[in-house]
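Architecture and fold: a report
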Amino acid sequence: MNRVDQWSNFAELLGNLIAKYADVLDIDSMKDTNTKSNIKDEEKNIKISEKNIA
């Protein structure tokens, strides 16, 4: 089996698992992690980390 077939099979498996458990996981109601406040919090955490390293 060549590498392309393996990746295709893996992608198909992931797609099937997501489709099967999407209702159980309730993906549509999950919090959006890409909001401005989360990005600002992340930037603040990075600055604190850089300060602690220096």
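Everything that follows concerns the structure shown earlier in this document.
A word on the overall build of the protein chain
Of the regular secondary structure elements, the protein chain holds two helices and zero strands. For the protein chain, the C-alpha radius of gyration of 19 Å lies well beyond 10 Å, the compact-globule estimate for 54 residues. Over its C-alpha atoms, taken along the principal directions, the protein chain stretches across nearly 50 × 35 × 15 Å. With 54 residues in all, the protein chain has 0% of them scored as buried. When the accessible surface of the protein chain is split by element, carbon and sulfur atoms take 56% of a total near 5500 Å².

Details of the packing of aromatic side chains
The tally for this structure, following the rule as stated, stands at one aromatic pair. Considering the side-chain rings of tryptophan 7 and phenylalanine 10, the 6.0 Å spacing of their centres and the 75 degrees angle between planes classify their relative orientation as edge-to-face. Of this pair, tryptophan 7 and phenylalanine 10 both sit in helix α1 (residues 3–25), three residues apart, roughly one helical turn.

What about the environment of isoleucine 39?
Within the fold, isoleucine 39 resides in helix α2 (residues 36–53). By relative accessible area, isoleucine 39 is classed as partly exposed at 38%.

Brief notes about a nonpolar patch on the surface
A cluster of nonpolar residues, Trp7, Phe10, Leu13, Leu14, Leu17, Ile18, Tyr21, Val24, Leu25, Ile27 and Met30, forms a patch on the protein surface that exposes about 1100 Å² of accessible area. Look at leucine 25 and you get exposed, because its relative accessible area is 54%.

Side note on α1
A rise of 1.5 Å per residue sets the reference length of α1, with its 23 residues, at 33 Å; its end C-alpha atoms lie 31 Å apart and thus fit the reference within 8%. Roughly 35 degrees is the biggest bend found in α1, and it falls at alanine 19.

Rules of the game
Residues numbered from 1 in each chain as written. Predicted model: local features only at pLDDT ≥ 70, side-chain atom pairs only at ≥ 80, totals over all residues. Heavy atoms only, no water. Helix = DSSP H or I, 4+ residues; strand = E, 2+ residues; numbered from the N terminus. Rg over C-alpha atoms; globule rule 2.2 N^0.38 Å. Buried < 20%, exposed > 50% of the residue type's maximum accessible area, 1.4 Å probe, protein only. Areas by Shrake-Rupley, 256 points an atom, 1.4 Å probe, with all protein chains shown as cover. Phe/Tyr/Trp six-rings, centres within 6.5 Å; stacked < 30°, edge-to-face > 60°. Patch = residues over 30% accessible without salt bridge, like charges linked within 9 Å, V, L, I, M, F, W, Y side chains within 5 Å. Salt bridge = Lys/Arg side-chain N within 4 Å of Asp/Glu carboxyl O. Expected span 1.5 Å × (residues − 1). Bend = angle between axes of the 7 residues up to and from the residue.

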